[in-house]
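Tertiary structure, described
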Amino acid sequence: MIRFILGKLLYLVPTFIGITIIAFGFVRILPGDPVLLMAGERGITPERHAELSALLGFDRPIWVQYFDFLGRLFQGDLGNSLVTKKPVMTEFLTLFPATVELGLVAILLATLIGVPVGVLAAIKRGSVFDQVSMTAALVGFSMPIFWWGLLLIIFFSGMLGWTPVSGRIGLLYYFPDVTGFMLIDSLLSGQKGAFASALWHLILPSIVLATIPLAVIARQTRSAMLEVMGEDYVRTARAKGMSQTRVVGVHALRNAMIPVITTIGLQIGVLMAGAILTETIFSWPGIGKWMIDSISRRDYPVVQSGLLLIAGLVMLVNLLVDLTYGLINPRIRHK
Amino acid sequence: MTDAPARLSDAAIRRQMLAEFWFYFRQNRGAVIGLWVFLVLVFVAVFAQVIAPHDPTQQYRDALLVPPVWQGEGQARFLLGTDAVGRDMLSRLIYGAQYSLFIGIVVVAIALIGGIFVGLLAGFYGGWVDTVIMRVMDVILAFPSLLLALVLVAVLGPGLTNAMIAIAIVYQPHFARLTRAAVMGEKEREYVTAAKVAGAGKLRLMFKTILPNCLAPLIVQATLSFSSAVLDSAALGFLGMGAQPPASEWGTMLAEAREFILRAWWVVTLPGLAILISVLAINLMGDGLRDALDPKLKRS
Amino acid sequence: MVQKTGPLLEIRNLTVRFDTSNGAFTAVDGVDVSVDGREVLAIVGESGSGKSVSMLAVMGLLPDTATVTADAMLYDGRDLLQMSVAERQKLIGREITMIFQEPVASLNPSFTVGFQIEEVLRYNMGLDHRAARNRAVDLFNAVGIPEPETKLDAYPHQLSGGQCQRVMIAMAIASNPRLLIADEPTTALDVTIQKQILDLLMDLQERHGMALILITHDMGVVAETADRVIVQYQGRKMEEADVLSLFEHPQNAYTRALLSALPENATGDRLPTVAEFMAAEARA
């Protein structure tokens, strides 16, 4: 088991290095002089140009720049935003909880609905429920989520007026940022209606973000269950006189969950891409929206670092998924 | 003793395989529906100039935000209404099909060819070639696909071509992985050894001997990538990074429509619906393809 | 002395049809089977003879695509086909148990073997946790698994095929069944282990006074274990006789073909295939 973990960790190192190279390199691939690019349309005097070049290290050989970059990275220094002039790391840490909150609720929704639906569809294979739910899953999987979000806004916010259109909480509320999670902070603040407001703001974006993972999880659960139900050991459980509930819920499910948990974990990476679109539509102040804004504002230090951080996060999540797989699969856990 | 069965020619075998495949595919009603819808889409795209009632870029200043014909102030000459600058929705949607199909084909072609080539190299040669290639693929896969595509487009400059290239680069590792896995599985099989002994060169082995047997998973992945490409390019268009206005790409149309979501629902709903239907059709076909190819995989 | 009031299991005219993509497939066609308590019945035939399917039908383990019809399927005089699900559940896994061909695949890979046998003891025998564990140790001893306390915490993939089959047997006798059905229990095992498992089964059968239905394709096994034999071919019953009569005076051509394929009965330097034998007989 230890060897399994170590093996996975070692595997990550070259990948991580590759990620840093890409993050580091893309600014330098930009056609033209990076300093001029950052200066924008205003142009820049030759002296200022030389000053900035020296300051940002662009006049030094490329591999020196790279190692500088790495060095600063390990100290947590990711440079400053060109727009806000504040350290990228600080901005990231401020905005990150918003995305995490959204993502967590989304993946929770997707799992809590997707797994039972998949199990039922497998048990009642070929039934109306099976066909309807799997078609719905396919539709959810085929939908452009930015459009889906807009539709829901039209319907629930526009026509019914039930949900707000943007933001994390009503503008009337203001309370200190304890955890960065609006749901928790609003509860802690004790202000009347704050929690409800936070919840209402969270509902639509999380439904939108959860849609694709839900569809994938439901389909995967169904096919995993179908495969497991045909295995010999399920027949043995039946032969032992175990009830259908126990056969499905204990014997089959326990084995089907192994690939399903892997799927759930991998969906978290997919969530990141979805978060970019969802946050844009709902003006949710998370790192997805931050990245989009930075890209259009040509705030390259932010884009570079954001790329690095997000990829690093996804890698971490995938590592955790791999490790979890090793834990729940007895063939690996008990060699 | 009975005679040995007559040997079928290569072409006859292929025809038989095709017939079997079609038999299984036909049984999946959803897949057949998907196929029909897709064919309609192709038809619309190819004959857009004939079918579309108006020019998609023509702005009718006197008919801004006209609702579809079945609603209140709808007009018969604009069956699905017009957008904020007076362009006919129906015509724009029809021409949008051209964009979507074009994008799907180009992206899949690039990703497929690149991915197969890379995967063949990695699987065939193994060793450090394999390790290096697969690590690079892993790095690409570590980034959320949309994000990487976005950044690439930001680097290369917004526009349809760059969007397609960016998406193709991001999809390529999937094909590379599949090809590599299939090649590694087939490499040790007897028919490969037989071909090698018969004197087949490396290139011939790669392309003529091994590759045809790895096609099934590649085809399934290709349909998946086709639909993802349509979705992702629409997403890029929506974010302003893909096809630029006044192009009638469905995602770009949605970007322009965003401010009117509460006033003019058709400007928002229809392009998205077009995307949904197209992607759904392709995914249905993909599902059917996978199921139809699967029993063959198991038997061969 | 148990009063023999009739066969323990009686099946008359059993037919099992499967819905397949190529139409309906009849796996079992009008087969009669009956077993008395304490009797060892062997059902022998090639693959595809339907010998397993009939027993799976008794246990109710066939998939939904199967249609089971019979004039009678009686256990201890009670109609299995007409019984409610609840009543049938009280029999399956308790009075009637079954073991299968692939022992490692037949055990759940995600649970310890201890968990899987204690499950039977807790749910079917009503034992509490501690009692179940103790009884499990006893059972493991009875089937010849060394170091039972340690082995209880092992996972199936950590045990050998033979050990897994012993576990299956232990699970099958845990509830003191009156009828044990063994579907090719030794086919997937090492030749050296096969004899051990067979001996174990026969030993347990005698000790517990169970009826044993042994499904096999191996005439050698039949010779060593069975009281009576049913020969099946392509879903139909070819012959039924007590073991001595079958071997000495086989009535059916197919039976004779099977017997002639035994190495012990070899005449000449090649064992005939069934087709060859039947063709030769037809000509004679």
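The shown structure was predicted, so the numbers you read here are calculated from the model rather than taken from an experiment. (Residues numbered from 1 in each chain as written. Chains lettered and ligands numbered in written order. Predicted model: local features only at pLDDT ≥ 70, side-chain atom pairs only at ≥ 80, totals over all residues.)

When helices and strands are tallied, chain B shows twelve helices and zero strands. Reading the secondary structure of chain B in the N-to-C direction produces α-α-α-α-α-α-α-α-α-α-α-α. Overall, the C-alpha framework of chain B stretches about 80 × 50 × 25 Å when taken along its three principal axes. Counting all 300 residues of chain B, 43% fall into the buried class. By sequence separation, contacts in chain B at least 24 residues apart represent 70% of the contacts at least 6 residues apart. (Helix = DSSP H or I, 4+ residues; strand = E, 2+ residues; numbered from the N terminus. Buried ≥ 20, exposed ≤ 12 C-beta atoms within 10 Å, placed from the backbone. Contact = placed C-beta atoms within 7 Å.)

Time to look at the overall build of chain A. For chain A, the helix and strand inventory stands at 14 helices and zero strands. Going from N to C terminus, chain A has its helices and strands arranged as α-α-α-α-α-α-α-α-α-α-α-α-α-α. With respect to the three principal axes, the spread of C-alpha positions in chain A is 85 × 55 × 40 Å. Within the span of chain A, comprising 335 residues, buried residues form 41% of the whole. Contacts spanning at least 24 positions in sequence make up 72% of the contacts within chain A whose residues lie at least 6 apart.

Okay, the interface of chain B and chain A next. If you look at the interface, chain B gives 33 residues, while chain A gives 35 residues. Of all the secondary-structure elements, those providing two or more residues to the side of chain B that touches chain A are helix H5 (127–142), helix H6 (145–156), helix H10 (215–238) and helix H12 (265–299) of chain B. Examining the composition of the side of chain B that touches chain A, we find that ten residues originate from one element, H12 of chain B, more than from any other. Residues of the side of chain B that touches chain A, tallied by class, amount to 26 nonpolar, five polar and two charged. (Nonpolar A, V, L, I, M, F, W, Y, C, P; charged D, E, K, R; others polar.)

What follows is about the sheet that holds strand S8 (residues 179–183) of chain C. All names here are of chain C. Judged by pairing direction, the sheet is mixed, and its six strands sit side by side in the order S7-S8-S9-S3-S10-S11 without closing on themselves. Both outer strands of the open sheet, strand S7 (96–99) and strand S11 (236–242), are each paired with one neighbouring strand and no more. The average angle at which neighbouring strand axes cross in this sheet is 15 degrees, direction not considered. Here S7 pairs with S8 via four bridges, running parallel. Across the sheet, Met98 pairs through a bridge with Ile181, a residue of S8. (Pairing = 2+ DSSP bridges. Axes fitted to C-alpha atoms, helices over the stretch in contact; angles between N-to-C directions.)

Next up on the list: the nonpolar core. Ranked by internal contacts, the top residues of the largest apolar core, which has 252 residues, are Leu147, Ala149, Leu150 and Ile167 of chain B together with Ile117 and Ala170 of chain C. The element contributing the most residues to this core is helix H9 (residues 194–229) of chain A, with 18 residues. When neighbours within four sequence positions are excluded, Leu150 of chain B is seen to be in contact with Ile295 of chain A together with Leu236, Leu239 and Met241 of chain B. (Core = buried A, V, L, I, M, F, W, Y, C linked by C-beta atoms within 7 Å.)

A few words on the arrangement of the chains. In this assembly two pairs of chains touch, with chains A and B having more contacts than any other pair. These two, chain B and chain C, are apart from each other, with no contact and a minimum C-alpha gap of 10 Å.

Moving on, we get to the interface of chain C and chain A. With 24 residues of chain C in contact, the opposing surface of chain A contributes 15 residues. Elements that contribute at least two residues to the side of chain C that touches chain A include exactly S7 and helix H3 (113–125) of chain C. With four residues, the single largest contributor to the side of chain C that touches chain A is H3 of chain C. Considered class by class, the residues forming the side of chain C that touches chain A number twelve nonpolar, nine polar and three charged.

Residues and elements named next belong to chain C. With 18 residues, helix H7 (residues 191–208) should cover 26 Å at 1.5 Å per step; its first-to-last C-alpha distance of 26 Å lies within 8% of that length. Restricting attention to buried positions, one finds in H7 the residues Ile197, Leu198, Leu201 and Gln205. For H7, the arc enclosing every buried residue in end-on projection is 100 degrees, short of the 170-degree limit, so these residues lie on one face. Turned more than 90 degrees off the buried face of H7, the exposed positions are Thr192, Glu206 and Arg207. Next to the buried residues of H7 lie strand S3 (40–44), helix H6 (161–173), S8, strand S9 (211–216) and helix H8 (219–225). At the exit of H7 stands Gly209, carrying a positive phi of roughly 65 degrees. (Expected span 1.5 Å × (residues − 1). Arc of directions from axis to C-beta.)

In this section: helix H12 (residues 287–296) of chain A. Residue pairs spaced three or four apart in an α-helix point in one direction, given the helix's 3.6 residues per turn. Residues and elements named next belong to chain A. Counting buried positions along H12 yields eight of ten residues, so the element is predominantly enclosed. Buried within H12 are the following residues: Ile287, Gly288, Lys289, Trp290, Met291, Ile292, Ser294 and Ile295. One or two residues past the end of H12 sits Arg298, with phi positive at roughly 55 degrees.

For the rest of this paragraph, the subject is the packing of H6 of chain C against H7 of chain C. A packed helix pair is summarised by two numbers, namely the angle formed by the two axes and the spacing between the axes. All names here are of chain C. Following both chains from N to C, one finds H6 and H7 inclined at 15 degrees, their axes separated by 11 Å at the closest point. One element, H6, and the other, H7, form an angle in the roughly parallel class. As H6 runs across H7, the sense of the crossing is right-handed. Along the contact surface, H6 presents Gly162, Gln165, Ile169 and Ile173, while H7 presents Ile193, Gln196, Ile197, Leu200, Leu201, Leu204 and His208. Residues of the contact of H6 with H7, tallied by class, amount to seven nonpolar, four polar and no charged. (Parallel < 35°, antiparallel > 145°, perpendicular 65-115°, else oblique. Left-handed = near helix turned anticlockwise from the far one by under 90°.)

All names here are of chain B. In the predicted model, chain B carries a mean pLDDT of 83, and 93% of its residues have values of at least 70. A low-confidence stretch, residues 296–300 (pLDDT under 50), is modelled with three contacts involving residues beyond four sequence positions or located in other chains. Here the predicted complex carries an ipTM of 0.88, next to a pTM of 0.86. (pLDDT = per-residue confidence, 0-100.)

With that settled, the discussion passes to the environment of Leu141 of chain B. You can see Leu141 of chain B is positioned in helix H5. Between the C-alpha atoms of Leu141 of chain B and Pro173 of chain B, which are 32 residues apart in sequence, the distance is 7.0 Å.

All names here are of chain C. Extensive coverage of S3 is indicated by the burial of five of its five residues. Burial along S3 is two-sided: the face carrying Val40, Ala42 and Val44 and the face carrying Leu41 and Ile43 are both buried. Sheet topology note: the S3/strand S10 (residues 228–233) ladder contains four bridges and is parallel. The residue bridging Val44 from the neighbouring strand is Val231, located in S10.

What follows is about the packing of helix H2 (residues 29–46) of chain B against helix H4 (residues 89–125) of chain B. All names here are of chain B. Taken N-terminus to C-terminus, the directions of H2 and H4 make an angle of 110 degrees; their axes are 8 Å apart at the nearest point. Between H2 and H4, the crossing angle belongs to the class labelled roughly perpendicular. On H4, the residues that touch Leu41, Val42, Val44 and Ala45 of H2 are Ile94, Ala97, Gln98 and Leu101. Considering only residue class, the contact of H2 with H4 consists of seven nonpolar, one polar and no charged.

Turning our attention to unusual backbone geometry. For the peptide bond that leads from Pro245 of chain B to Pro246 of chain B, omega is 10 degrees, which places it in the cis range. Tracing the backbone shows Pro246 of chain B in the loop between H10 and helix H11 (250–257). In this model, Asn13 of chain C sits at a positive phi of 55 degrees, which is unusual for a non-glycine residue. Structurally, Asn13 of chain C is set in strand S1 (residues 9–20). The class of Asn13 of chain C is partly exposed, set by 13 C-beta atoms lying within 10 Å. Unlike most non-glycine residues, Gln234 of chain C shows phi in positive territory, near 50 degrees.

Below, the discussion takes up the pairing of S10 of chain C. All names here are of chain C. Across the six residues that make up S10, a large majority, five, are buried. In this structure, S10 lies alongside S11, joined through six bridges in antiparallel fashion. Bridging from a neighbouring strand, Gln232 pairs with Lys237 of S11.

Residue and element names in this part refer to chain C. The residue Asp218 is located in the loop between S9 and H8 in this model. What makes Asp218 partly exposed here is the crowd of 17 C-beta atoms within 10 Å. With 41 residues separating them along the chain, Asp218 and Leu259 place their C-alpha atoms 9.9 Å apart.

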